[in-house]
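Fold and contact review
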Amino acid sequence: MKRVGAASPQELDEERLLRRVARGDRAAFEELYRRTSPWLAVRLQRRCADQQIVAEVMQETYLAVWRAAGSFAGSRTGGTAVGWLWTIAARRLVDAFRRRAHHAEPPPAAAPHPVAPAAEEEALVATVGGDVGDALRRLAPELREVLQAMVLDGLSVRETAVVLGLPEGTVKTRARRARIAMREALA
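Rules and cut-offs
- Residues numbered from 1 in each chain as written.
- Predicted model: local features only at pLDDT ≥ 70, side-chain atom pairs only at ≥ 80, totals over all residues.
- Heavy atoms only, no water.
- Helix = DSSP H or I, 4+ residues; strand = E, 2+ residues; numbered from the N terminus.
- Buried < 20%, exposed > 50% of the residue type's maximum accessible area, 1.4 Å probe, protein only.
- Contact = heavy atoms within 4.5 Å.
- Areas by Shrake-Rupley, 256 points an atom, 1.4 Å probe, with all protein chains shown as cover.
- Salt bridge = Lys/Arg side-chain N within 4 Å of Asp/Glu carboxyl O.
- Core = buried A, V, L, I, M, F, W, Y, C linked by side-chain atoms within 4.5 Å.
- Expected span 1.5 Å × (residues − 1).
- Arc of directions from axis to C-beta.
- Polar contact = N/O pair within 3.5 Å; in protein donor to acceptor, adjacent residues only side chain to side chain.

What follows deals with the overall build of the chain. Of the regular secondary structure elements, the chain holds 9 helices and 0 strands. Reading the secondary structure of the chain in the N-to-C direction produces α-α-α-α-α-α-α-α-α. Relative to its 187 residues, the chain shows a buried fraction of 38%. Sequence-distant contacts, at least 24 apart, represent 62% of the contacts inside the chain between residues at least 6 apart. Surface summary for the chain: the accessible area is close to 10900 Å², and the carbon and sulfur share equals 54%.

With that settled, the discussion passes to the pattern of salt bridges. All told, the structure shown has 8 salt bridges when counted by the stated rule. Across the pair Arg 99 and Glu 60 runs a salt bridge, and its minimum N-O distance is 3.3 Å. Of this pair, Arg 99 sits in helix H4 (residues 81–102) while Glu 60 is found in helix H3 (residues 51–68), placing the two residues 39 residues apart along the sequence. A residue is classified by how much of its surface remains accessible, and Arg 99, at 36% relative accessible area, is partly exposed.

Next up on the list: the nonpolar core. Core analysis: the largest hydrophobic core is formed by 40 residues, its most contacted members being Leu 18, Leu 40, Leu 44, Val 65 and Leu 93. Within the residue set of this core, elements represented by two or more residues are helix H1 (14–22), helix H2 (26–45), H3, H4, helix H7 (141–152), helix H8 (157–164) and helix H9 (168–186). No other element matches the 11 residues that H4 contributes to this core. Sequence-distant contacts of Val 65, that is, excluding residues within four places in its chain, are made with Leu 18, Val 21, Phe 29, Leu 32, Trp 84, Leu 85 and Ile 88. If you look at the next biggest cluster of nonpolar residues, it comprises 7 residues, including Leu 136, Leu 147, Ala 178 and Met 182.

Turning to H3, a few remarks are in order. At 3.6 residues per turn, the α-helix brings residues three or four places apart onto the same side. Along its 18 residues, H3 runs 25 Å from first to last C-alpha, staying within 8% of the 26 Å computed at 1.5 Å per residue. Taken residue by residue, H3 has Ile 53, Val 54, Val 57, Met 58, Thr 61, Tyr 62, Ala 64 and Val 65 as its buried positions. One side of H3 carries all its buried residues, which in axial view fall inside an arc of 155°. Exposed positions of H3 whose direction lies more than 90 degrees from the buried face are Gln 59 and Arg 67. At the N-terminal boundary of H3, the capping side chain belongs to Asp 50, with an oxygen 2.9 Å from the backbone nitrogen of Gln 52.

Now the structure itself:
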């Protein structure tokens, strides 16, 4: 029987769903998965062409969410549920690439860039307008990719290098070139 005033999982935002998941609520977990898995899969596929790795990372990510939902600090620390979820997935992807590299196989190349703009790029353009948005759009794709991984996704130089399949020195150089280009464009 449903308590009076108790919301169903479909009525909750992602942060409240995580709070319920932390208490072992399977329906909340299923709703969180239903809402976030399509978005997360697309975002991972943009960084990894190997569908097997993407599937493994998805499974590891949601297993980690189920086990560690209680550790989500949430809005108290300025974080969001989907940001927390992406952080887990990005780290799992880096780990998967490291495992592959350890077994003497080079990491699969990043997925080819589609002709149509990705949802991330459209969201970036929509949220970052004006001069900053124009400067971002004028950046070379390889510079924008590094900037996105390091600034928007919050990855370290090493993690960015693994995810993009680049040497760390190249990542540092591209990040520096992107910052210089942005500074010049905004001056």
